[in-house]
Amino acid sequence: QVQLVESGGGLVQPGGSLRLSCAASGSIFSINARGWYRQAPGKQRELVARITNGGSTNYTDSVKGRFTISRDNAKNTMYLQMNSLKPEDTAVYHCNVVGTYHDTGALRVFDSWGQGTQVTVSS
């Protein structure tokens with residue numbers, strides 16, 4: 001299978017910045033979709049940003065102009081640069097990667113989630 005390991009969360013003051021990373025490991029053959037999601041207490045999980053293999057990006061309206069999603073294909077790693085953070089950005093952030101991997105001579109689809117990293121924006 002394919003595993004995702006996230007890092008980079010923490011406590012930051014309003015207006016500050018954080019950079020999240022999501023590293024994928026395993027016998028990956030291809031990656032078809034990448035995205036960052038977040039879930040605040042008492043709220044549903046929402047899509048924050050996603051990036052296609054061609055590099056096209058889209059963002060939820062509340063983070064446009066402040067967050068930037070990127071990826072390093074050689075490292076199978078995805079990033080979320082978060083600037084001008086606001087208290088309402090406080091949530092657990094999860095990365096999600098969908099693709100195919102080698103499994104004993106066959107290609108299988110994976111849809112993996114990171115363990116989640118807490119981002120807290122507070123003074």
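For the structure, check the block above.
Residues numbered from 1 in each chain as written. Predicted model: local features only at pLDDT ≥ 70, side-chain atom pairs only at ≥ 80, totals over all residues. Heavy atoms only, no water.

Caption draft 1: Representation of the packing of aromatic side chains. If you walk through the whole model with that rule in mind, you get two aromatic pairs. Between the aromatic rings of Tyr-101 and Phe-110, the centroid separation amounts to 6.3 Å while the plane-to-plane angle is 65°, which identifies the pairing as edge-to-face. A relative accessible area of 8% places Tyr-101 in the buried class. A relative accessible area of 1% means that Phe-110 is categorised as buried. The lysine or arginine in question, Arg-19, covers the ring of Tyr-79, its NZ or CZ lying 4.0 Å from the ring centre. Cation over ring: Arg-45 sits above Trp-113, and NZ or CZ is 4.5 Å from the ring centre. (Phe/Tyr/Trp six-rings, centres within 6.5 Å; stacked < 30°, edge-to-face > 60°. Buried < 20%, exposed > 50% of the residue type's maximum accessible area, 1.4 Å probe, protein only. Lys NZ or Arg CZ within 6 Å of the ring centre and 35° of its normal.)

Caption draft 2: Main features of the pairing of strand 9 (residues 91-103). Relative to strand 9, strand 4 (residues 28-39) runs antiparallel, the two sharing ten bridges. Within strand 9, the residue paired with Gln-39 across the bridge is Val-92. Bridge count for strand 9 against strand 11 (residues 117-121) is three bridges, and the pairing is antiparallel. Bridge pairing links Ala-91 to Val-119 in strand 11. Sheet topology note: the strand 9/strand 10 (residues 106-113) ladder contains eight bridges and is antiparallel. Along strand 10, the bridge assignment pairs Val-98 with Asp-111. Here strand 9 hands over to strand 10 after two residues, with Thr-104 in that stretch at a positive phi of 45°. (Pairing = 2+ DSSP bridges. Helix = DSSP H or I, 4+ residues; strand = E, 2+ residues; numbered from the N terminus.)

Caption draft 3: Summary view of the pattern of salt bridges. In the structure shown here, the tally under the stated rule is five salt bridges. Between Glu-46 and Arg-38 there is a salt bridge, with its nearest N and O atoms 2.6 Å apart. Here Glu-46 falls in the partly exposed class, since its relative accessible area comes to 29%. Its salt-bridge partner being Asp-61, residue Lys-64 comes within 2.9 Å of it at the nearest N-O pair. Among the charged side chains, a salt-bridge network with shared partners connects Arg-38, Glu-46, Arg-66 and Asp-89. (Salt bridge = Lys/Arg side-chain N within 4 Å of Asp/Glu carboxyl O.)

Caption draft 4: Spotlight on the side chain of Thr-77. Along the polypeptide, Thr-77 turns up in strand 8 (residues 77-82). Overall, the relative accessible area of 10% leaves Thr-77 in the buried class. One polar contact links the side chain of Thr-77 to the main-chain carbonyl oxygen of Lys-75, over a distance of 2.9 Å. Excluding its chain neighbours within four sequence positions, the residues that come into contact with Thr-77 are Cys-22, Ala-23, Ser-70, Arg-71 and Asp-72. (Polar contact = N/O pair within 3.5 Å; in protein donor to acceptor, adjacent residues only side chain to side chain. Contact = heavy atoms within 4.5 Å.)

Caption draft 5: Region of the structure containing the state of the cysteines. On inspection of all chains with the given rule, the structure shows one disulfide. Bridging Cys-22 to Cys-95, the disulfide has an S-S length of 2.1 Å. In this structure, the disulfide formed by Cys-22 and Cys-95 twists by about 65° around the S-S bond and is classed as right-handed. On the criterion of sequence distance, the pair formed by Cys-22 in strand 3 (residues 18-25) and Cys-95 in strand 9 is long-range, its members being 73 residues apart. Here Cys-22 and Cys-95 have matching classes, each one buried. (Disulfide = S-S within 2.5 Å.)

All quantities given are derived from atomic positions and should not be read as evidence of function.
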